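Coordinates in review
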Amino acid sequence: QDKEEPWDDDEFQELVQTLPKEKNWYGTHLYFYQGFWCASRVFRAMICFQKHFQALDSDIFLTSIPKSGTTWLKALTFSIVNRNQFAREENPLLSSNPHQLVPVFEYDLYLNNPCPDLENSCPYQPRMFSTHLPYAFLPPSIKDSNSKIVYICRNPMDMFISLWFFTDKLRPDNVEPLSLDEAFEKFCQGMHDFGPFFDHVLGYWKASQENPNRILFLQYEDLKENINFHIKKLGKFLGFPFSEVEEEQGVVEEIARMCSFGNLKELDVNKNGMHTFGIAHNTLFRKAEVGNWCNYLTPSMVEYFKKLIQDKLDKSEVVF
Ligand code: A3P
């Protein structure tokens, strides 16, 4: 059993012992649970969240598989929804990392606490939370409520490269780095935090098709192409539409600027700050490019990826 797993009762012990287990990319483990690979470090928190969380109709949930643009989505949603709560020059993003303003259930809230103080963990109303859990794992109270869910995904080749760089930063010194070939092999088998990638994406995509008023499916590349359009779309979807006056005053453009990679990356809190989960904020900002994979993947990896994308997403309207 891993040292980092805070199991404290027989129920968890028994469950964990029955699950397939693999090494993950940075020295800890993954458990295969109900079709997904879950990081051992947050597995218990995930189960607690699933079991105990009670959603409110007014809640907003930001969801993604890691390295798909979660930080950006948090900054945007926070700024859109709370834009009338503070003066522009006092946006809390200037002094807090987006992950401090929108806590993650499995990392920040339920990690060591089956009953976290949810009311005081969100600085403003409505409550805003995030999770990397697949749609199938979301607590029934979220699925059955009238809350809003926004999902963001990204071309898997860029997401894969982003994950490879990021997990290397999480790797303790006594753990050997994972080569790109090894990471590629694991990724193609779906063995990465909250993988398989395609099942994660398709789970939310299908849910968004069935329930478009409650679940908004976004792609990183589309936001990159036209951020102003997507800020307005998010505002409308979440029930905080922009008025004509606001549009004339440039409120949309100002939010785009505030949440841009260039702006956030250079803020002191993001250059030097540290998240409670032990992640340096600067590791969340790397290149933010579409197509950065082309500097790293071999032609055979690209060919394999393209075939995988075609095979897995063929029956959906998701195009990367
Ligand atoms: P790269 O590693 O390709 O640069 P997540 O937030 O889900 O962890 O995703 C991280 C990816 O989003 C990283 O991609 C990171 O650089 C990029 N990113 C972070 N903040 C961003 C922003 N404000 N705008 C666009 N991309 C951003």
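Residues numbered from 1 in each chain as written. Predicted model: local features only at pLDDT ≥ 70, side-chain atom pairs only at ≥ 80, totals over all residues. Heavy atoms only, no water.

Per an unreviewed UniProt entry, the protein chain is named Sulfotransferase, and its organism is Theobroma cacao. Under the heading Sequence similarities (unreviewed entry), UniProt records this for the protein chain: "Belongs to the sulfotransferase 1 family." (UniProt positions renumbered as here; feature names shortened; annotations may be inferred.)

Turning to the pairing of strand 5 (residues 128–131), a few remarks are in order. The two faces of strand 5 match: M128 and S130 on one face and F129 and T131 on the other face are all buried. Across 4 bridges, strand 4 (residues 60–64) lies against strand 5 in parallel orientation. Note that in strand 5 the partner of T63 across the bridge is T131. (Buried < 20%, exposed > 50% of the residue type's maximum accessible area, 1.4 Å probe, protein only. Helix = DSSP H or I, 4+ residues; strand = E, 2+ residues; numbered from the N terminus. Pairing = 2+ DSSP bridges.)

A few words now on the packing of aromatic side chains. By the definition in use, this model includes 35 aromatic pairs. Here W25 and F160 contribute two aromatic rings whose centre-to-centre distance is 5.9 Å and whose plane-to-plane angle is 75°, an arrangement assigned as edge-to-face. A residue pair is termed long-range when its members are at least 10 positions apart, and W25 in the loop between strand 1 (21–23) and strand 2 (29–33) and F160 in helix 7 (residues 156–170) qualify at 135 residues. Look at W25 and you get buried, because its relative accessible area is 5%. (Phe/Tyr/Trp six-rings, centres within 6.5 Å; stacked < 30°, edge-to-face > 60°.)

In this section: the environment of S58. Along the polypeptide, S58 turns up in the loop between helix 2 (40–52) and strand 4. Remark: the alpha-carbon pair of S58 and I161, spanning 103 residues in sequence, is separated by 35 Å. Once you skip the residues sitting within four places of it in the chain, S58 turns out to touch P126 and R127. (Contact = heavy atoms within 4.5 Å.)

Right, let's talk about the side chain of K74 for a bit. The residue K74 is located in helix 3 (residues 70–81) in this model. Buried and unpaired, K74 has no salt bridge, with D108 as the nearest side chain of opposite charge at 5.4 Å. The contacts of K74, once residues within four sequence positions are left out, are L62, P98, H99, V102, V104 and S130. (Lys, Arg positive; Asp, Glu negative; His and termini not counted. Salt bridge = Lys/Arg side-chain N within 4 Å of Asp/Glu carboxyl O.)

The local shell around the ligand holds 18 residues, among which T70, T71, S162, K287 and A288 are the closest. C259 places a main-chain nitrogen or oxygen 2.9 Å from a nitrogen atom of the ligand. Protein contact buries 97% of the 570 Å² of open area that the ligand shows by itself. A total of 3 residues in the shell around the ligand trace back to one element, the largest contributor, which is helix 3. (Near = heavy atom within 4 Å. Polar contact = N/O pair within 3.5 Å; in protein donor to acceptor, adjacent residues only side chain to side chain. Areas by Shrake-Rupley, 256 points an atom, 1.4 Å probe, with all protein chains shown as cover.)

The end-to-end C-alpha distance of helix 7, which contains 15 residues, comes to 20 Å, matching closely the 21 Å that a straight helix rising 1.5 Å per residue would cover. Across the 15 residues that make up helix 7, a large majority, 11, are buried. Within helix 7, burial applies to P156, M157, D158, M159, F160, I161, S162, L163, W164, F166 and T167. Tucked inside the fold, the buried residues of helix 7 contact helix 8 (180–188), helix 9 (197–210) and helix 16 (299–313). The N-terminus of helix 7 is capped by N155, whose side-chain oxygen sits 2.7 Å from the backbone nitrogen of M157. (Expected span 1.5 Å × (residues − 1).)

Working note: α-helix, 3.6 residues per turn, so residues spaced by three or four point in the same direction. An ideal rise of 1.5 Å per residue puts 16 Å on 12 residues; helix 3 measures up with 16 Å between its terminal C-alpha atoms. Of all 12 residues in helix 3, 12 are buried, a share of seventy percent or more. For helix 3, the set of buried residues is T70, T71, W72, L73, K74, A75, L76, T77, F78, S79, I80 and V81.

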